[in-house]
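Structural features, examined
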Amino acid sequence: MRIIFLGAPGAGKGTQAELISAQYGIPAISTGAIIREAIAKGTEMGLAAKAYTEKGMLAPDEVVIGIIKERLAKDDCKNGFILDGFPRTVVQAEELDKMGVDIDLVISIEVSDDDIVKRMSGRRVCGSCGSSYHVLYKPSKNGDQCEKCGSDLSIRADDKPEVVLDRLTVYHKMTEPLKDYYKSKGKCVEVEGQEILDDTSALVREQIAKAFGR
Ligand SMILES: [Zn+2]
């Protein structure tokens, strides 16, 4: 069961990957998390990645691929895994193929840009205690103040609509060719992200059942 999750930032793919991981007992491998782990452990590839992330740059393909390779070689991946955040480009997908990693299923969680902007721009955080809220889904009982500590709530720079839209543009430009790559192999399915997390999970499970018969 080798699965890749695709989805725009804010589409909830990380959460879905975690749920499927728990249900089927295969690890959900988030590229961001394993890069941070490799850096913390100071592995050869981790040190290489550190040099880039310290400058605020994305680690180049050969480094990311090296880290993925280290991770997929571990025992817990022998019955399968979920990749979340990798591959990001067709070149990376081809590298996976070259490694002999045969992907069974690619699940792309589709959420419209408008809905993602609505979700992200509604988020509010408390600068003092770090509590998080959402104006629609999880409003603070104190309005614009934190219900735990009373401090003012604010919107993170990353969640501002114009910033979110910029990220989405980059995402689509990068990911469409990747989806086409897996579609041409008959491996990519699209799942419409739903307002309710569990509803999306049900659709994801449906696709997994269809592909793996369980
Ligand atoms: Zn607070």
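Each value, and the rule that gives it
- Residues numbered from 1 in each chain as written.
- Predicted model: local features only at pLDDT ≥ 70, side-chain atom pairs only at ≥ 80, totals over all residues.
- Heavy atoms only, no water.
- Helix = DSSP H or I, 4+ residues; strand = E, 2+ residues; numbered from the N terminus.
- Rg over C-alpha atoms; globule rule 2.2 N^0.38 Å.
- Buried < 20%, exposed > 50% of the residue type's maximum accessible area, 1.4 Å probe, protein only.
- Contact = heavy atoms within 4.5 Å.
- Areas by Shrake-Rupley, 256 points an atom, 1.4 Å probe, with all protein chains shown as cover.
- Salt bridge = Lys/Arg side-chain N within 4 Å of Asp/Glu carboxyl O.
- Phe/Tyr/Trp six-rings, centres within 6.5 Å; stacked < 30°, edge-to-face > 60°.
- Lys NZ or Arg CZ within 6 Å of the ring centre and 35° of its normal.
- Pairing = 2+ DSSP bridges.
- Axes fitted to C-alpha atoms, helices over the stretch in contact; angles between N-to-C directions.
- Core = buried A, V, L, I, M, F, W, Y, C linked by side-chain atoms within 4.5 Å.

The subject of this paragraph is the overall build of the protein chain. Per the secondary structure count, the protein chain includes 8 helices and 8 strands. Taken over C-alpha atoms, the radius of gyration comes to 19 Å for the protein chain, in line with the 17 Å a tight globule of 214 residues would show. If you line up the protein chain on its principal axes, its C-alpha atoms span 55 × 40 × 30 Å. The burial tally for the protein chain puts 38% of its 214 residues in the buried class. Within the protein chain, contacts between residues separated by at least 24 positions form 67% of all contacts whose residues are at least 6 apart in sequence. Surface summary for the protein chain: the accessible area is close to 11500 Å², and the carbon and sulfur share equals 51%.

Time to look at the environment of Asn79. As for its position among the elements, Asn79 is in the loop between helix 4 (61-72) and strand 3 (81-84). The spatial distance from the C-alpha of Asn79 to the C-alpha of Tyr133 is 38 Å, given a sequence separation of 54 residues.

What follows concerns the pattern of salt bridges. Evaluation of the coordinates by the stated rule reveals 15 salt bridges. Between Arg123 and Asp159 there is a salt bridge, with the nearest N and O atoms lying 3.1 Å from each other. Here Asp159 lies in the loop between strand 7 (153-154) and helix 7 (161-184) and Arg123 lies in strand 5 (residues 123-126), a separation of 36 residues in the sequence. On the basis of relative accessibility, which here comes to 2%, the residue Asp159 falls in the buried class. With a shortest N-O distance of 3.4 Å, Asp159 and Arg156 are connected by a salt bridge. Overlapping salt bridges bring together Glu110, Glu176, Lys179, Lys183 and Glu190 as one network.

The geometry of an aromatic ring pair is captured by the separation of the ring centres together with the interplanar angle, meaning the angle of the planes. One pass over the structure, following the stated rule, counts 1 aromatic pair. Between Tyr181 and Tyr182, the ring centres sit 5.2 Å apart and the planes meet at 80°, which makes this aromatic pair edge-to-face. A residue is classified by how much of its surface remains accessible, and Tyr182, at 1% relative accessible area, is buried. Between the NZ or CZ atom of Lys55 and the centre of the ring of Tyr52, over which it lies, the distance is 5.8 Å. Lys138 extends its terminal NZ or CZ atom over the ring of Tyr133, reaching a point 5.7 Å from the ring centre.

The next subject is unusual backbone geometry. Of the consecutive residues Phe86 and Pro87, the connecting peptide bond is found in the cis state with omega at -5°. Note that Pro87 resides in the loop between strand 3 and helix 5 (90-98).

We now examine the sheet that holds strand 7. Strand order across the open sheet formed by 3 strands is 6-5-7, with antiparallel pairing between neighbours. The sheet is open, and its two edges are formed by strand 6 (132-134) and strand 7, each paired on a single side. With respect to the sheet, helix 6 (residues 113-121) is in contact with strand 5 and strand 6, its orientation differing from that of strand 5 by roughly 20°.

As a further point, take the pairing of strand 4 (residues 105-110). Burial within strand 4 is extensive, with 6 of its 6 residues counted as buried. Side-chain alternation along strand 4 places Leu105, Ile107 and Ile109 on one buried face and Val106, Ser108 and Glu110 on a second face that is also buried. The pairing of strand 1 (residues 2-7) with strand 4 spans 5 bridges and is parallel. Each residue of the ladder has a partner; that of Ile3, found in strand 4, is Leu105. Bridging between strand 4 and strand 8 (residues 188-192) involves 5 bridges; their strand directions are parallel. Paired with Val106 across the strands is Cys188, a residue of strand 8.

Before going further, it helps to spend a moment on the nonpolar core. Core analysis: the biggest nonpolar cluster contains 50 residues, and Phe5, Leu72, Leu83, Leu96, Ile107, Tyr182 and Ile208 have the highest contact counts within it. With residues up to four places along the chain from it excluded, the contact list for Leu83 reads Ile3, Ile4, Phe5, Ile29, Ile68, Leu72 and Leu96.

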